[in-house]
Number of protein chains: 2
Amino acid sequence: MNKSEVKVIGALKREGKFSSAQSLYQLLRKNGESTGLATVYRTLQKAAAENIVDVLRKDDGEALYRLCDTGHHHHLVCTNCGKTVEVEASAVEKWASTVAKNNGFKKVTHVVELFGLCQKC
Amino acid sequence: MNKSEVKVIGALKREGKFSSAQSLYQLLRKNGESTGLATVYRTLQKAAAENIVDVLRKDDGEALYRLCDTGHHHHLVCTNCGKTVEVEASAVEKWASTVAKNNGFKKVTHVVELFGLCQKC
DNA sequence: AACATAAATGAGAATGATTATCAATATCAC
DNA sequence: GTGATATTGATAATCATTCTCATTTATGTT
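On a predicted model such as this, the values are computed, not experimentally measured, just so you know.

Undergrad: Would you take a moment to explain the protein's contact with DNA strand C for this structure?
TA: Contacts to DNA strand C come from 16 residues, most closely from A:Gln22, A:Tyr41, A:Ala63, B:Ser4 and B:Thr39. Considering DNA strand C, the proportion of its atoms within 4 Å of the protein that are sugar or phosphate atoms stands at 70%. In the environment of DNA strand C, a phosphate oxygen lies 2.6 Å from a nitrogen or oxygen atom belonging to the side chain of B:Ser4. For DNA strand C, a phosphate oxygen lies 2.9 Å from a polar atom in the backbone of B:Gly36.

Undergrad: Would you take a moment to explain the environment of B:Ala49 for this structure?
TA: Residues and elements named next belong to chain B. Mapped onto the elements of the fold, Ala49 is located in helix α3 (residues 37-49). Judged by its relative accessible area of 66%, Ala49 is exposed. A C-alpha to C-alpha distance of 23 Å links Ala49 and Thr84, two positions 35 residues apart in sequence.

Undergrad: What is the right way to read the protein's contact with DNA strand D from this model?
TA: Taken together, 17 residues are adjacent to DNA strand D, and A:Thr39, A:Arg42, B:Gln22, B:Tyr41 and B:Ala63 come closest. Within 4 Å of the protein, atoms of DNA strand D come from sugar and phosphate in 70% of cases. Residue A:Gly36 places a main-chain N or O atom 3.2 Å away from a phosphate oxygen belonging to DNA strand D. In this structure, B:Tyr41 approaches DNA strand D through a side-chain N or O atom, which is 2.6 Å from a phosphate oxygen. Counting residues per element, the ones that place at least two in the surface near DNA strand D are α3 (37-49) of chain A together with α3 of chain B. For the surface near DNA strand D, the class distribution of residues is five nonpolar, eight polar and four charged.

Undergrad: For this particular structure, what's the right way to read the sheet that holds strand β1 (residues 19-20) of chain A?
TA: Within a sheet, each strand pairs with its neighbour through backbone hydrogen bonds, oriented either parallel or antiparallel. Residue and element names in this part refer to chain A. Spatially, three strands are ordered β1-β3-β2 in an open sheet, and the strand pairing comes out antiparallel. Each end of this open sheet is capped by a strand with a single partner; those strands are β1 and β2 (53-57). The sheet strands contacting helix α1 (residues 3-15) are β1, β2 and β3 (63-67), and the helix crosses β3 at an angle near 85°.

Undergrad: It is not clear to me how the interface of chain A and chain B should be interpreted in this structure. Could you clarify?
TA: A common way to state how big an interface is: give the accessible area lost once the parts meet. Listed per partner, the contact involves 34 residues of chain A and 35 residues of chain B. Surface buried jointly by chain A and chain B totals about 2,800 Å² across both partners, of which 68% is contributed by carbon and sulfur atoms. Contact with chain B buries area across many residues of chain A, yet A:Trp95, A:Phe105 and A:Leu114 alone supply 24% of it, more than any other trio. Here chain A and chain B share zero salt bridges between them. Counting the contacts that link chain A with chain B gives four residue pairs in polar contact (both at pLDDT 80 or more). Contributing elements (two or more residues each) for the side of chain A that touches chain B: β4 (74-78), β5 (84-87), α4 (90-102) and β6 (106-117) of chain A.

Undergrad: Would you take a moment to explain helix α2 (residues 21-30) of chain A for this structure?
TA: A turn of α-helix holds 3.6 residues, and therefore any two residues three or four places apart point the same way. All names here are of chain A. When we look at burial in α2, the residues that qualify are Ala21, Leu24 and Leu28. Along the long axis of α2, the arc covered by the buried residues comes to 65°, so they all point the same way. Looking at the buried side of α2, the elements it contacts are α1, β1, α3 and β3. In the segment just after α2, Gly32 is the residue with positive phi, at about 85°.

Parameters at a glance
Residues numbered from 1 in each chain as written. Chains lettered and ligands numbered in written order. Predicted model: local features only at pLDDT ≥ 70, side-chain atom pairs only at ≥ 80, totals over all residues. Heavy atoms only, no water. Near = heavy atom within 4 Å. Polar contact = N/O pair within 3.5 Å; in protein donor to acceptor, adjacent residues only side chain to side chain. Helix = DSSP H or I, 4+ residues; strand = E, 2+ residues; numbered from the N terminus. Buried < 20%, exposed > 50% of the residue type's maximum accessible area, 1.4 Å probe, protein only. Nonpolar A, V, L, I, M, F, W, Y, C, P; charged D, E, K, R; others polar. Pairing = 2+ DSSP bridges. Contact = heavy atoms within 4.5 Å. Axes fitted to C-alpha atoms, helices over the stretch in contact; angles between N-to-C directions. Buried area = accessible area lost by both parts, 1.4 Å probe. Salt bridge = Lys/Arg side-chain N within 4 Å of Asp/Glu carboxyl O. Arc of directions from axis to C-beta.

By themselves, these are just geometric observations and shouldn't be taken as functional.
Spelled out as structure tokens, the structure:
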């Protein structure tokens, strides 16, 4: 990771929650960094490809990024308070690749997210 | 449902797969309809609010719409041509409810979609 | 039918996130 | 240091989506 990437990923880490590329860019500028918007996007895309960050989509389609705690995993999100639990899903991974094979699909990715109400809500 | 809505939803039905607002608009124009893009969006948003159509997001954030079938199932979608296969996923259903229980979540719903390239593409 | 009023429509502009372009700058091997 | 190469930031371009508004169409009343 080079200097720019450290700055972007560092900002994401400080945020500690799902953040958009735009908001990270603004944050960096506010902190006096000269980082460009394109670099923010480039860094986040690369990090997403390397599974360093998670990507979600808001209802309006805007992408949100978040530092991964662990490797590949999915989320259980409280629809009321936003609490997020990362969950393992090896069973789902297996299922996905089997289904893909059975239907002749290649390069299959999957979107798996769980939504509900946490204990407090 | 008024005339315009019938046209838009009808086009979606004829497509029989996840389609974007833009592609439906082009389809309608090709068929000689004078339907405007704004009307396509308005109709799809309304239909989504009424749970008449399913909404998904492509990787690039574009929204895809599809007439709801009855019953619960998931999709394997070709990211190139849009071909859609409905897949059963009882294994996934079980997994989802177990994870929910283990984390004290109630009323859990899930989003599970597979994307890839079909044989032709 | 004639009229008034409200709702829906389509064309095009505006918005906003993302991506592409490209000259300037930093990095690295030698 | 020198030249080759990769990275960067500013800015323009792109593209889906939303907004605006004049016009059309539906609806209700007499």
